[in-house]
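Residue-level structural notes
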Amino acid sequence: MTSRSRTVTRAVLDDLSMIARNAAESIIMPRFGRLSDEDIRTKTSPSDLVTIADILSEDYIAGQLERLLPGALLVGEERCCTQPARIDEAGRAPLAVTIDPIDGTANYAAGLPVFGVMLAVLEYGVPVASVIHDPVTSSSAMALLGEGAWMEDRTGGVTPVQAARPFAHIEEITGKIAWRTLPVGDTEQADRHLRAMTGLWDLRCAAHEYRLVAGGNGHVLAYSRTCLWDHCPGWLLMHEAGAYGARLNGAPYHPDIAGQGLLYAPDPETWRMVHDALSLLPYHSVK
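The name given to the protein in an unreviewed UniProt entry is Inositol monophosphatase, and the organism recorded there is Asaia lannensis NBRC 102526.

Here it is in structure tokens:
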């Protein structure tokens, strides 16, 4: 990824980060650990939660984005529950913004401080800018197409973000693999290699999983569910940090390109190594 956006500048990205920070400071953190039963409800399953903070945060962020990027299609997790057509429009829109007002809502509702705010700007479905903000530390992982990835702390200090170097053996791997739901061809082979890996974890929060692995604190990420608001920000962050990612069939992650699942590794060679070791389906050679 070397081309640059004509629309989204570093100043716009800074504004996106400020919007996420303001939502965290004024809406999310004041309610953390203070939610009542009436403030939490389920959506598609008992584990799929939404809180009053999710709703208020998305409303605030959407209002700010309408002023910052007028005319942009807003693809928010909560509004897409009632307006799912926005998801289909995202790949064709000249400018769209994905909004995950609180990623890791189950953690948030349980009082576990592992959740984040995720924003990504898309141009015809291609992520060109992203922010993954941690409300607890008030730090943001940020990426701009063709200009790299970095971490900005609460004081404004900036640190470059760099993915891990390629590994030589499956046994070295650490990271997040959604092993329960990924499609595999040879389950015995997949189980054997998963057990051989150094360490796998599931934070129930893509925001922090992306931040960790993009920063070199893990080698792989593998997801079966790939909602735009969960993965557009991380897709850009990982690639700008030097990692490699693709759908399980080798296709790029894009709303209009067919494919399922999502796998990241340090480079194309280690991507293939993990893909083959886990017998992931479907697979076509990456061109």
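Helix and strand counts for the protein come out as eight helices and 14 strands. Compactness check: the protein gives a C-alpha radius of gyration of 18 Å against a globular reference of 19 Å for 287 residues, within 12% of the reference. Considered along the principal axes of its C-alpha atoms, the protein spans approximately 50 × 45 × 40 Å. Taken over 287 residues, the protein has a buried fraction of 55%. A total of about 12,400 Å² of accessible surface is found on the protein, and carbon and sulfur atoms cover 52% of it. Across the protein, the mean location of the 24 positive side-chain charges is 1 Å away from that of the 35 negative side-chain charges.

Turning to the environment of Ile 99, a few remarks are in order. Note on placement: Ile 99 falls in strand 4 (residues 96-103). Distance in space between the C-alpha atoms of Ile 99 and Ile 61 is 7.9 Å, their sequence separation being 38 residues. Ignoring anything within four residues of it in the chain, the contact list for Ile 99 reads Glu 58, Ile 61, Ala 62, Leu 65, Leu 74, Val 75, Gly 76, Glu 77, Met 118, Leu 119 and Trp 229.

Rules used in this analysis
Residues numbered from 1 in each chain as written. Predicted model: local features only at pLDDT ≥ 70, side-chain atom pairs only at ≥ 80, totals over all residues. Heavy atoms only, no water. Helix = DSSP H or I, 4+ residues; strand = E, 2+ residues; numbered from the N terminus. Rg over C-alpha atoms; globule rule 2.2 N^0.38 Å. Buried < 20%, exposed > 50% of the residue type's maximum accessible area, 1.4 Å probe, protein only. Areas by Shrake-Rupley, 256 points an atom, 1.4 Å probe, with all protein chains shown as cover. Lys, Arg positive; Asp, Glu negative; His and termini not counted. Charge placed at Lys NZ, Arg CZ, Asp CG, Glu CD. Contact = heavy atoms within 4.5 Å.

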